[in-house]
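Coordinate analysis (summary)
In case you want the letters, here they are:
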Amino acid sequence: SQKIEQNSEALNIQEGKTATLTCNYTNYSPAYLQWYRQDPGRGPVFLLLIRENEKEKRKERLKVTFDTTLKQSLFHITASQPADSATYLCALTNFGNEKLTFGTGTRLTIIP
Amino acid sequence: DAGVIQSPRHEVTEMGQEVTLRCKPISGHNSLFWYRQTMMRGLELLIYFNNNVPIDDSGMPEDRFSAKMPNASFSTLKIQPSEPRDSAVYFCASSPRGIGQGDQPQHFGDGTRLSIL
């Protein structure tokens, strides 16, 4: 069966360090992989999209990698700040489809 | 620039009552999605529309759920009759339809927190 797993439910990181979140998938052939941020009581907010033929994408302090051989994406936040504390969701789209399937999310806490 | 607008933000009602959730997508977006989020199951797609036409409703739990999009600026999700297990946060999202499909970010509203007693 198809499955998207994010490495842990919760992750605590010291301020200033790099936070690395993992997204693993099985039985998908994703065309695109997206990362979203969700704050309590709010809807998810889009952060980054990476295509299946791209290895890496960057935006300011954020970096996403996509390894279709390992069936894994890594999401990095460098120089982390308390304001980065939130739940982060990865989501996949298969070829020829607009449907996004979400992982269960990782709740990240940046400790001052 | 207005985002996706959902109403109501909170709804508490008794089992058996009809519930209607409303969504106004971002102007110019062609696709609209309804999701449900619970602690147990995470964020699940219920149904999505493209150009007001339902494309995939395979995530709709059962016949008690129905969704409509009468025009490009409005959609409803209805539950009749409601049950306690329908309690969840319901999100609406919209996106422009990209050439490659699925290569566009989705813009979410802040959801409706539904409690069925």
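Before reading on, note that the structure itself is shown above.
As the structure is a prediction and not an experimental result, all values here were calculated from the model.

Let us look at the overall build of chain B. Scanning chain B from N- to C-terminus turns up zero helices and eleven strands. Mapped from its N terminus to its C terminus, chain B presents α and β elements in the order β-β-β-β-β-β-β-β-β-β-β. The C-alpha atoms of chain B give 14 Å as radius of gyration, which agrees with the globular expectation for 117 residues (13 Å, within 12%). When the backbone C-alpha atoms are referred to their principal axes, chain B occupies close to 45 × 30 × 30 Å. Within chain B, buried positions represent 49% of all 117 residues. Summing over all exposed atoms, chain B offers an accessible surface of approximately 5,800 Å²; the carbon and sulfur share of this is 49%. Placing the 11 positive and 13 negative side-chain charges of chain B at their respective mean positions leaves the two points 2 Å apart.

Among the secondary structure elements, B:Val89 is positioned in strand β9 (residues 88-95). Non-local contacts of B:Val89, meaning those with residues more than four positions away in its chain, are made with B:Tyr35, B:Arg36, B:Gln37, B:Gly111, B:Thr112 and B:Arg113.

Here the focus is the sheet that holds strand β1 (residues 5-7) of chain B. Residues and elements named next belong to chain B. On the basis of which strands lie adjacent, the open sheet formed by four strands has the order β1-β3-β8-β7 and antiparallel pairing. Edge positions in the open sheet fall to β1 and β7 (65-71), since each of these has one partner strand only. Each strand axis lies, on average, 15° off the axis of its neighbour in the sheet, ignoring direction. Bridge count for β7 against strand β8 (residues 74-79) is five bridges, and the pairing is antiparallel. Counterpart to asparagine 71 in the pairing with β8 is phenylalanine 74.

All right, on to the state of the cysteines then. Residues and elements named next belong to chain A. In this structure the tally under the stated criterion is two disulfides over all chains. Between the sulfur atoms of cysteine 23 and its disulfide partner cysteine 90 the distance amounts to 2.0 Å. Sign of the S-S torsion, about 70° for the bond between cysteine 23 and cysteine 90, identifies this disulfide as right-handed. Remark: cysteine 90 occurs in strand β9 (residues 86-94) and cysteine 23 occurs in strand β3 (residues 19-26); sequence separation between them is 67 residues. Just as cysteine 23 is buried, cysteine 90 falls in that class too.

Going through the model one piece at a time under the given rule, you end up with twelve aromatic pairs over all chains. Ring geometry for A:Phe102 versus B:Tyr35: centroids 5.7 Å apart, planes at 85°, classification edge-to-face. With A:Phe102 in strand β10 (residues 101-102) and B:Tyr35 in strand β4 (residues 31-38), this residue pair bridges two chains. For B:Tyr35, a relative accessible area of 0% gives the class buried. One aromatic cluster is present, built from ring pairs that chain together A:Tyr36, A:Phe46, A:Phe102, B:Phe33, B:Tyr35, B:Tyr48, B:Phe91 and B:Phe108.

Let us now look at the side chain of B:Gln37. Here B:Gln37 is to be found in strand β4. Judged by its relative accessible area of 18%, B:Gln37 falls in the buried class. Of the polar contacts made by the side chain of B:Gln37, one reaches the side chain of A:Gln38; its length is 3.0 Å. Every residue in contact with B:Gln37, bar those within four places of it in the chain, is listed here: A:Gln38, B:Gly42, B:Leu43, B:Ala88, B:Val89 and B:Phe91.

At the interface, 19 residues of chain A touch 24 residues of chain B. Looking only at chain A, the three residues that lose the most surface to chain B are A:Glu98, A:Lys99 and A:Phe102, adding up to 35% of its buried area. A salt bridge links A:Lys99 to B:Asp56; the nearest nitrogen and oxygen atoms lie 3.1 Å apart. If you look at where chain A meets chain B, you find eight residue pairs in polar contact (both at pLDDT 80 or more). Those elements that provide at least two residues to the side of chain A that touches chain B are β4 (30-38), β5 (45-51) and β9 of chain A. Counted by class, the side of chain A that touches chain B contains eight nonpolar, seven polar and four charged residues.

Definitions and cut-offs
Residues numbered from 1 in each chain as written. Chains lettered and ligands numbered in written order. Predicted model: local features only at pLDDT ≥ 70, side-chain atom pairs only at ≥ 80, totals over all residues. Heavy atoms only, no water. Helix = DSSP H or I, 4+ residues; strand = E, 2+ residues; numbered from the N terminus. Rg over C-alpha atoms; globule rule 2.2 N^0.38 Å. Buried < 20%, exposed > 50% of the residue type's maximum accessible area, 1.4 Å probe, protein only. Areas by Shrake-Rupley, 256 points an atom, 1.4 Å probe, with all protein chains shown as cover. Lys, Arg positive; Asp, Glu negative; His and termini not counted. Charge placed at Lys NZ, Arg CZ, Asp CG, Glu CD. Contact = heavy atoms within 4.5 Å. Pairing = 2+ DSSP bridges. Axes fitted to C-alpha atoms, helices over the stretch in contact; angles between N-to-C directions. Disulfide = S-S within 2.5 Å. Phe/Tyr/Trp six-rings, centres within 6.5 Å; stacked < 30°, edge-to-face > 60°. Polar contact = N/O pair within 3.5 Å; in protein donor to acceptor, adjacent residues only side chain to side chain. Buried area = accessible area lost by both parts, 1.4 Å probe. Salt bridge = Lys/Arg side-chain N within 4 Å of Asp/Glu carboxyl O. Nonpolar A, V, L, I, M, F, W, Y, C, P; charged D, E, K, R; others polar.

By themselves, these figures tell us nothing about what the structure is for.
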